[in-house]
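Each chain, written out:
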Amino acid sequence: MATNQTQDGEMDDVDLGSEVEEDEEQEWGDWNTDDDDGEGDGLGSDLLLCLFCDLKYGSSEALFEHCNSTHRFDFGGIRKTLELDFYGCFKLINYIRSQVAENRCWSCGFTCQLKQDLQNHAHEAFSFKDTVLRWGDDRYLKPFMQEDPLLYSFGEDWEVEDEDTTSDNKITELIDFERICIDDDNTVEGPMFDFKTASENGRAESASASNSCLNGMNPYQEVKVSSVDVNKSGLPSDMNSTDKDLEVSFAKVEANEIKNVNKNYFGLYSSFGIHREMISDKVRTDAYRQALLNNPSLLRGATVLDVGCGTGILSLFASQAGASSVIAVEASEKMAAVATQIAKDNCLLCSGGPSEGTSQGTGVMKVVQGMVEELGNCELIQPHSIDVLLSEWMGYCLLYESMLSSVLLARDRWLKPGGAILPDTATMFVAGFGKGGTSIPFWETVYGFNMSCIGKELVEDAARVPIVDIIDSGDIVTNTVVLQSFDLVKMTPDEMDFTSRIELEPLTENPTHYSSDSLCKTTWCYGIVLWFETGFTSRFCKDMPIVLSTSPYSPKTHWSQTILTFREPIAISLGSTASDTLAAVGTDACPAVKVHLRISIARAASPHRSIDISLEIAGIAPDGRKRSWPVQIFNLS
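For clarity, every value in this text was computed on a predicted model and none was experimentally measured.

Asks: What's the story with the nonpolar core in this structure? I'm lost.
Replies: Soluble globular proteins tend to pack their nonpolar side chains together in the buried interior. One finds Leu305, Leu399, Met428, Ile528, Ile599 and Ile601 to be the most contacted residues of the largest nonpolar core, which totals 98 residues. When sequence neighbours within four positions are dropped, the list of residues in contact with isoleucine 599 reads Val430, Leu483, Phe498, Thr499, Ser500, Ile502, Ile528, Ile613, Ser614 and Leu615. Listed in part, the 36 residues of the second largest apolar core include Leu48, Cys105, Phe154 and Val631.

Asks: Hey, could you run me through unusual backbone geometry in this one?
Replies: Note: most residues except glycine have negative phi, and most peptide bonds are trans. Omega for the bond connecting leucine 422 with proline 423 falls within 30 degrees of zero, at -10°, which places this linkage in the cis form. Note on placement: proline 423 falls in the loop between β9 (415–422) and β10 (425–433). In this model, cysteine 397 sits at a positive phi of 55°, which is unusual for a non-glycine residue. Not every positive phi belongs to a glycine, and leucine 398 is a case in point at roughly 70°.

Asks: Is there a simple way to think about the sheet that holds strand β19 (residues 626–636) in this case?
Replies: With respect to topology, 4 strands assemble into an open sheet ordered β13-β17-β18-β19, the strand pairing being antiparallel. Lying at the two open borders of the sheet, with one neighbouring strand each, are β13 (498–504) and β19. When the angles between neighbouring strand axes are averaged without regard to direction, this sheet yields 15°. The pairing of strand β18 (residues 611–620) with β19 spans 9 bridges and is antiparallel. Bridging from a neighbouring strand, alanine 618 pairs with serine 628 of β19.

Asks: Any chance you could explain the pattern of salt bridges here in plain terms?
Replies: Proximity of charged atoms lets side chains of opposite charge pair with each other. For the structure on display, the rule yields 16 salt bridges. Where lysine 416 meets aspartate 387, a salt bridge forms, and the shortest distance between an N and an O atom there is 2.9 Å. Of this pair, lysine 416 sits in strand β9 while aspartate 387 sits in strand β8 (residues 386–391), placing them 29 residues apart in sequence. Accessibility expressed as a relative area gives 23% for aspartate 387, which makes it partly exposed.

Asks: Sorry, what's going on with the packing of helix α10 (residues 282–293) against helix α12 (residues 313–320) here?
Replies: Contact geometry for α10 and α12: axes closest at 9 Å, N-to-C directions at 25°. One element, α10, and the other, α12, form an angle in the roughly parallel class. Helix-helix and strand crossings are classified by hand; for α10 and α12 the assignment is right-handed. Contact residues: α10 offers Thr285, Tyr288, Arg289, Leu292 and Leu293, while α12 offers Leu314, Phe317, Ala318 and Gln320. Within the contact of α10 with α12, the residues separate by chemical class into 6 nonpolar, 2 polar and 1 charged.

Asks: Which parts of the structure should I look at to understand the state of the cysteines?
Replies: Chemically, a disulfide is nothing more than a covalent bond linking the sulfur atoms of two cysteines. Counting across every chain of the model gives 0 disulfides. Free cysteine: cysteine 112, not disulfide-bonded; nearest cysteine sulfur from cysteine 105 at 7.7 Å. We classify cysteine 112 as buried; its relative accessible area is 3%.

Asks: Please clarify how the environment of lysine 91 should be interpreted in this entry.
Replies: With respect to the element layout, lysine 91 can be found in helix α3 (residues 86–101). It is 6.4 Å that separates the C-alpha atoms of lysine 91 and tryptophan 135, two residues lying 44 residues apart in sequence. When sequence neighbours within four positions are dropped, the list of residues in contact with lysine 91 reads Trp135, Gly136, Asp137, Asp138, Tyr140 and Leu141.

Asks: Before we go on, may I ask you to explain the packing of helix α2 (residues 75–82) against α3 in this structure?
Replies: Two packed helices can be described by the angle between their axes and the distance between those axes. Contact geometry of α2 with α3 gives a least axis separation of 11 Å together with a crossing angle of 135°. Regarding the angle of α2 to α3, the classification is oblique. Note that α2 runs across α3; the crossing there is right-handed. Contacts between α2 and α3 involve Phe75, Ile78 and Arg79 on the former and, on the latter, Cys89, Leu92 and Ile93. Per-class residue counts for the contact of α2 with α3 are 5 nonpolar, no polar and 1 charged.

About the thresholds
Counting from 1, residues in each chain are numbered in the order their sequence is written. In keeping with the model being predicted, local features are shown solely for residues with a pLDDT of at least 70 and side-chain atom pairs are shown and tallied solely at 80 or more, while totals for entire chains, interfaces and linings include all residues. Excluded from the side-chain calculation are hydrogens and water; included are all heavy atoms of the structure. Residues enter a nonpolar core if they are buried and are Ala, Val, Leu, Ile, Met, Phe, Trp, Tyr or Cys, with the set joined through side-chain atoms within 4.5 Å. A simple rule labels every residue: compare its accessible area, found with a 1.4 Å probe on the protein chains alone, to the largest value its type can have, and call it buried under 20%, exposed over 50%, or partly exposed in between. In this analysis, two residues are considered to be in contact whenever any of their non-hydrogen atoms come within 4.5 Å of each other. Helix and strand assignments come from DSSP, with helices taken as H or I runs of at least 4 residues and strands as E runs of at least 2, each series counted from the N terminus. Two strands make a pair as long as DSSP finds a minimum of two bridges between them. Think of each axis as a best-fit line through the C-alpha atoms, taken over the contacting stretch in the case of a helix, with angles from 0 to 180 degrees between the N-to-C directions. We count a salt bridge whenever a side-chain nitrogen from Lys or Arg sits within 4 Å of a carboxyl oxygen from Asp or Glu. Here the angle decides the label: under 35 degrees means roughly parallel, over 145 means roughly antiparallel, 65 to 115 means roughly perpendicular, and every other value means oblique. Two helices crossing with the near one rotated counterclockwise from the far one by less than a right angle form a left-handed crossing, whereas a clockwise rotation gives a right-handed crossing. Only Asp, Glu, Lys and Arg are considered charged, only Ala, Val, Leu, Ile, Met, Phe, Trp, Tyr, Cys and Pro nonpolar, and every remaining residue, Gly among them, polar. Note that a disulfide, as used here, is simply two cysteine sulfur atoms within 2.5 Å.

The structure is reproduced here in structure tokens:
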């Protein structure tokens, strides 16, 4: 499979945040099974829109034949291989339409700038494992395109007695399925402390906004399925509207799914072991402690909001630093109770409102249980009343867990104009690593026996999933490049999804990786490693700026580094060594002098709070020749 390139060989930029373009020219006729003569595709004069281009066909058979020959998408083969039932095919079609609308390859996840680029990028699916995880989500049971007749014609060759009746029964079963999911949903208990959270209307609005972002479409739009009209509640329009048991919507199902993921996520943070690991991370905890205690001009007398307080350790530091009021928000009910008790045991718990604390730094803390997204009407936090917004939001590869979006929401809702954010910057870095960064050396000699076959297999497995581990700085074989920088004061949530193009070159100051033959200064790059730094900069920490680094060149932290392994190592040369002009770039006979990478990172739709990483690689030979490798897709979850 070849990566998508322009004619000059350069890789185009990708806009992962591109909005779904709706084809307003499509005007499907009403479906009327009474007019169906039972021949052809059963759709009368309606035409079926191709999954990948603007061509339309009179039958699903003709459409899928076109998709196979032109776009290399074998619907019949995929359905047979994966033994897909009606629902599986239904979700697959909706998933593909959602990806194509964003110029993203349904199979490998590669995002193109133009629709034509995506069509040129077409390739057969090389693996269904990761793809099935993406489109197998029940959110794709909802039609992506309004009035899409293809959703109810792809099964026409299945052996059924009455096709129209079967289709209608499937819709009824689908509605019953959604009703069962909602009826069985557990109700989340209210907050444990005496404060007012968002109203029920506010919660509903929040859920609707989340669902709209996930689907890139109006979750309440009307759709028409076969001969059954479906209204915005997800019910056939001729159903009795007074039947409350059937009043469900797909949007609510998706909101419940996210709610359950959040419940499990915050449930994990009820474990004291996790908090011990974070507090024991001396690099992390000392960075926050120094930023708070050594910047008195910022903290003294300030009103501080701590987003995701956990045990409350950062809020305790802020209280100790002289803040007049510290509001600690924690979504985990258990940890909110623990943080409250800890504040009380240290005589820092405020018995009244947050404004009743003393200037001596005692009795200033108030713990609020709940997600910041649900605290819009919380009386304890007035709009734009916070002097300092504090949070330890960073996850693996910086963006895993997607907590940064909560911090940005808190910033826009509660931070005063000109207020401080700690930390206020974040920067991601990338470098290439050598064989020492893999498990190969361990297996090369095991008590005198060669077990290198195990190491090779482990490297192949590592090329499918990201690894969070420590890389020794001595195993870095290329220069270090900035992948992306964030300014938390100015950035928007959409900037969390990005694409960057970088260029790596072999290190010149560490010759230990290279051959002793001065005429063959070659080593092997097995993949890339990502890490981050967050800055408590002089913009707010004027007394003492602090940098928290997770670099392999710095003391290790609990974040470690994130390792992305290439499917095959790339030979890289130090300087302009002689090379075989007929050999493939990146081999020992023709090592690359540069490695071009295009890395895209985006919040994944599923599972919630995970991130997707796509990696495109191109090696550049001394004579300028270029070789590209297949796109690699990683999901960090």
